[in-house]
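Chain by chain, the residues run as shown.
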Amino acid sequence: MDSVLSACGLNGKKEKVQEERHLRANDREFNLSFKYANNAIKTSKYNIFTFLPLNLFEQFQRLANAYFVFLLILQLIPAISSLSWFTTVVPLLLVLCITLAKDGTDDINRHKNDRQVNNRRVDVLIDGQLKSEKWMNVQVGDIIKLENNQFVTVRTLTLLYTSSDPGTNLKVKQALTVTGDLGDNIDTLAAFDGEVHCEAPNNRLDKFTGTLTVQGETYALDNERILLRGCTLRNTEWCFGLVLFGGPDTKLMQNSGKSVFKRTSIDHLMNVLVLFIFGLLACMCTTLAIGNGIWEHQQGTSFTAFLPRQDGANAAFSGFLSFWSYVIILNTVVPISLYVSVEILRLGNSYFIDWDRKMYHTKTDTPAQARTTTLNEELGQIKYIFSDKTGTLTQNIMTFNRCSINGKSYGEVVDFSGQRVEITEKTEKVDFSWNSLADTKFCFHDHALVEAVKQGSSEVHAFFRLLALCHTVMPEEKTEGQLFYQAQSPDEGALVTAARNFGFVFRTRTPETISVVEMGINITYELLAVLDFNNVRKRMSVIVRSPDGRLTLYCKGADTIIYERLHPSCSKVMEVTTEHLNEYAGEGLRTLALAYKDLDEAEFEQWRERHHEASTALEDREEKLDAIYEEIEKDLMLIGATAVEDKLQDGVPQTIEQLAQADIKIWVLTGDKQETAENIGYSCNMLREEMTEVFIIAADTAEGVKEELVTARKKMSPDSPEEPPFLKSRFRGQKSQVVLDEESNGEYGLVINGHSLAYGLQKDFQLELLRTACMCQTVICCRVTPLQKAQVVELVKKYKKAVTLAIGDGANDVSMIKAAHIGVGISGQEGMQAVLSSDFSFAQFRYLQRLLLVHGHWSYLRMCKFLCYFFYKNFSFTFVHFWYGFFCGFSAQTVYDEWFITMYNLVYTALPIIGLSLFDQDVNDRWSMQYPQLYAPGQKNQYFNKMTFVKILLHSCYSSLILFFIPYAAMQDTVRDDGKDIADYQSFAFVALSAMNHFFLWGSLSVFFAITFTMYSNGMYLIFTSSFPFIGTARNSLNQPNVWLTIFLTTLLCVLPVVALRFLLIQLRPTINDKVDQNTQTHIQRPSFVYLLSSQKELFLALYLFIYLFLMVCHNTNLTGYYASLQFCTNLTLFLPTPAFPLLCFISTILNSSPVLSFFSSFTFSSLFSHPLLHSSLPSCLLSTPLISLFLLSPFPSSPFSSFFLFSLLLSTLFIFPPLLFSFFSHALSSP
């Protein structure tokens, strides 16, 4: 179990020392003694008995859920609780049930998948017979039979025999010769008793170490002899295999553990804010508790006659109890439903990515896929992109283009004067009709190479012979002469196809032989050893024996690696070949160097013995093999070099240009030569001729690399300090790890090779590398290893306060994809390794701009709006309780009905913001792509940060004051129209909650009224008397006109400052979104009525006129002020544009009607608006109104006088609202 936990990235109690595995074929009794796992798998987390307790245990580990359980416990204490238990239980149960349903559905699907996999059938050799068994019943040591297109049953098995050449388009697997001779004879297979010693279960997919002992002889087992569970058998009719690992011990299951959980920057910020909210809650509760103690000390004795105190109770104890009571009442400030709502939003935005037809690749039938639902908004904040080149920027479809053989270059087309001719579709192609086995799709234009082959040039023949022998390609010949090559990489396929067309046809292979048709003659070479390619060696070699007994080592690989192992006599050829390689790389071609070496028979036999010892070692096998390979791969003779073309994908230059306009920096990390990488950089518009300079970092020493980096930095910024500028903490003033961005005096690029990068990534130089690279617009790292790719990403993540994205298509990109904040996989020619490790995937690089500029931008915007609204409504709701505490003797009495508190977050305010957060678009997708600058606010995290949170807090405080004091003052001395009293606690509470709900949920009035009238009905009171005390309150309140006017006024006063501020900001400090929105408005023709509704100026004017008329009506007990206002309104219509004139005429008609006049004449707020400050402010409002209206209706809002008009508007607004609030407070506090 500990090994499984360790493989999954978890820590067990104590990691056991892994031991090697020992098993015997066809001996279940022997293998069962080791208690190896069977082949049944279990990916589900729960069963019918453990689901509820385990899932609840996991949920209560979350802070918010545990907090609400703590509240429930407090509510069970009568001396503390002033709320019923259901106010906490109902929201908690809903959140728990939603999570239970989600987790339960996921686990049911896992159970179904487990049953489907475990019940698959496979043929197993048992007691000398092949029997069909379920996968779950297969045991270690069994011999099983697999057929073509069938899934591999177990994790790994040793291939015993194949009916034909095995292999897929990616991985080639071959049987050992000693087991291949067993054939398909069941009796022979049943008698097989080979023993295997191999490594313990682990999650390394690219490595396997083991040995097979048969009749006293030991044979090496490596990854080439192993099939992994979950793979599919291709190009092979059938095969037999020995089961080595089963079920949870397979590499597939070992890699199915929890991957690194990625969290967005907003997630981290929310965690900090939740802690702040807990602190705010504690402060509010402490303030109210102190107030309770003071009130009890000063006023409490006056109420003991009808509220007697318990024995031993005093003011301090009352304050203590009040603290915990307010912890319960103010619990809505803690966002329990926030995390569930966020997951819903992320899931919905993930579906939008999956459903986007503009990211669907028709040719390969590949849609875009969001493989994770937790990182959507992070797509809108990307600052750095790390990209692979081959298969990511290019198509990874290789064509043989040029070559250099013994110092002579081939592939160019020249005219009679020796001038180079550009190759087009009309250029004459080489005729390969003389070769019956040639590939008709192969295209080449240089006839000189064909003539050299026909003339029997030994160097040219050796060149193509090497290409035909040194590879891992598998041929498939379904009909005579129709060859199909299955290559592990497109490079190998292109080179073998080139050799095929030039007369050296690779025909068939076995584990010991390779058959080649050389210029029409069948020749079989004995394959003695294969020296594998890997990312460290960067080369591959084969040792073959020709029919005449000659031993030869053929090697191909990166030129820098091959040059280090050449014989000194090759210096002249190497110089010429290097010139050719640089020329090819400058054209963007991928190059390889080719070399060979003749071997002495006796020397080879000695080496072969050492190789066998190293290959059968169970410890440090790779290191020993590398040392053995180094012994023989030296003093090579250079043959030449190849150059293959890998064309760019469609839309790559345009995509990179768009991303650059969005201020996203792109770094290319590739294994290609420096010249190739530079050429691709220019082709992709990453490097441009108009750049100030492109720095080349190619030093071979650590000090040289540092000197070149410093020189480049000083050129870009001569005043740059020697020490890197670190970001200082705002509170403590201490330096953080974040390195600040430094400005450059131009546009620069940086190209660095793998050797120099290795020095730059050292601890002493990495900050210098980071500073210099981040000052450049484009960075290209060439000749880098997969490990270096991940190290570069980690370097930027560690020292830059920026979000990173890595994109690649191959297995060598997996480490980089996992290291970045967001990993994107491209499903291309190199399999699905990158896709399986990624967070998002699609088929073409060009879809990245839509993923970021459209979906990323929208997701970030929606998430920020949701969070702002969520915190705002919760704070506004909770602060009303806080203000009410000062009017109820700090007795922890609630303002609202308990059922309203219960359903406020769950029902009343849930749907609108979720709908907005799922479908809101500031601009459509076309404008998002046309204006990449819209992406900038996400990079700077402008829409939701700590300062935004403070603004939300202050805005909520203001709104809560309006929501509490306007209904309080309006209901204080008010009676019904029939003379009955309406100023009771329930009616006030109902008006307050109605104003609250209408403000937050105007679109859900039907739901509000349906639930409200039900809860406040006689029937609910008779059934649940203690739970529904607000009987008849809705009927008593909602049939009064002044209640509706109070609700409307409250809502208007909450909205009007926001509209005013928004209007001012658009005029004075428009954001990029405002500018784009105004630009889009000019391109859209709208009807006059729609234009009227969408006009911000007229909307603001209408709101301003309404509040102006309302204040005048409320201020004057007679109708003089009303008529004056109406006359002013009528005169103002002369300045209005044509669409607004009919609307104001209609408003004037309504206002002049008898019912409206009688209503206003009977309604007065004289006691509320009687404060002297209000009297003094109204004249200034009257004076500023014409100026404001003139500004609002002016056809030239950007004229020099605009600032004066804006100042008048702001001044009048400031004059209105402070007197209002002051009047409310004075009236409320002075009331007996």
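The name recorded for the chain in an unreviewed UniProt entry is Phospholipid-transporting ATPase, from Pygocentrus nattereri. The Subcellular location (unreviewed entry) field of the UniProt record for the chain holds the comment "Membrane". What UniProt states about the chain under its Catalytic activity (unreviewed entry) heading is, verbatim, "ATP + H2O + phospholipidSide 1 = ADP + phosphate + phospholipidSide 2."

K.L.:
Got a sec to walk through the overall build of the chain? Specific residues and values, please.
P.N.:
Counting its regular elements, the chain contains 45 helices and 34 strands. Within the chain, buried positions represent 53% of all 1232 residues. For the chain, restricting intrachain contacts to residue pairs at least 6 apart in sequence, the fraction spanning at least 24 positions comes to 73%. If you sum the accessible surface of the chain, you get close to 56200 Å²; carbon and sulfur atoms cover 57% of it.

K.L.:
I'd love a proper account of the pattern of salt bridges, names of residues and values included.
P.N.:
Following the criterion strictly, the structure yields 39 salt bridges and no others. For E633, the salt bridge goes to R537, with nearest N and O atoms at 3.0 Å. Placement of E633 in the loop between α18 (621–632) and β25 (637–648) and of R537 in the loop between β21 (521–531) and β22 (539–545) is noted, with a sequence separation of 96 residues between them. Taking the relative accessible area as the measure of exposure, E633 reaches 0% and is therefore buried. For R537, a relative accessible area of 5% puts it in the buried group. Across the salt bridge formed by D925 and R850, the nearest N and O atoms sit 3.1 Å from each other. Remark: R850 occurs in helix α27 (residues 847–885) and D925 occurs in helix α30 (residues 925–930); sequence separation between them is 75 residues. Among the residues examined, R850 registers a relative accessible area of 11% and is labelled buried. By sharing partners, the salt bridges in this structure join R537, R539, E564, R565, E630 and E633 into a single network.

K.L.:
Residue-level account of the packing of α27 against helix α29 (residues 911–919), with values.
P.N.:
In contact at an axis separation of 8 Å, α27 and α29 are set at 160 degrees when each is read in the N-to-C sense. Between α27 and α29, the angle falls in the class roughly antiparallel. Considering the relative orientation of α27 and α29, their crossing is right-handed. For the pair α27 and α29, contact is made by R862, K865, F866 and Y869 and by I913, L916, S917, L918 and F919, respectively. Classifying every residue of the contact of α27 with α29 by side-chain character gives six nonpolar, one polar and two charged.

K.L.:
Tell me about helix α10 (residues 315–329), and please be specific about residues and values.
P.N.:
Turn by turn, an α-helix covers 3.6 residues, leaving residues three or four places apart pointing in a common direction. The terminal C-alpha atoms of α10 lie 20 Å apart, and with 15 residues this matches the ideal 21 Å at 1.5 Å per residue to within 8%. Listing the buried residues of α10 in full gives A315, S318, G319, L321, S322, S325, Y326, V327, I328 and I329.

K.L.:
So, the packing of helix α17 (residues 601–615) against α18: which residues are in play, and what are the values?
P.N.:
At a closest axis distance of 9 Å, the pairing of α17 and α18 adopts a crossing angle of 165 degrees. Comparing the axis directions of α17 and α18 gives the class roughly antiparallel. Read as a crossing pair, α17 and α18 show a hand that is left-handed. In this structure, α17 uses F604, W607, R610, H611, A614 and S615 to contact α18, whose residues at the interface are R621, K624, L625, I628, Y629, E631 and I632.

Thresholds applied
By convention here, each chain's residues receive numbers from 1 onward along its written sequence. Only residues with pLDDT of at least 70 get local features here, since the model is predicted, and only at 80 or more are side-chain atom pairs given and counted; chain-wide, interface and lining totals rely on the full set of residues. Note: side-chain values were computed over all heavy atoms of the structure, leaving out hydrogens and water. UniProt positions are given in the numbering used here, feature names are shortened, and annotations may be inferred rather than shown by experiment. For the purposes of this entry, the term helix denotes a DSSP run of H or I that reaches at least four residues, the term strand denotes a run of E that reaches at least two, and both are numbered from the N terminus. Think of it in three bands: residues with accessible area under 20% of the maximum for their type are buried, residues over 50% are exposed, and the middle band is partly exposed, with areas taken using a 1.4 Å probe on protein chains only. Two residues form a contact once any of their heavy atoms are found within 4.5 Å. All accessibility values rest on the Shrake-Rupley procedure with a 1.4 Å probe; residue burial counts only the protein chains present in the view. In what follows, salt bridge is the name for a side-chain nitrogen of Lys or Arg lying within 4 Å of a carboxyl oxygen of Asp or Glu. Axis lines are fitted through C-alpha atoms, for helices just across the contact stretch, and the angle between N-to-C directions can take any value from 0 to 180 degrees. An angle below 35 degrees is read as roughly parallel, one above 145 as roughly antiparallel, one from 65 to 115 as roughly perpendicular, and any other as oblique. Whether a crossing is left-handed or right-handed is set by the direction in which the near helix is turned from the far one by less than a right angle, anticlockwise for left-handed and clockwise for right-handed. Any residue that is not Ala, Val, Leu, Ile, Met, Phe, Trp, Tyr, Cys, Pro, Asp, Glu, Lys or Arg is counted as polar, Gly included; the first ten are nonpolar and the last four charged. How far a helix is expected to stretch is found by multiplying one less than its residue total by 1.5 Å.

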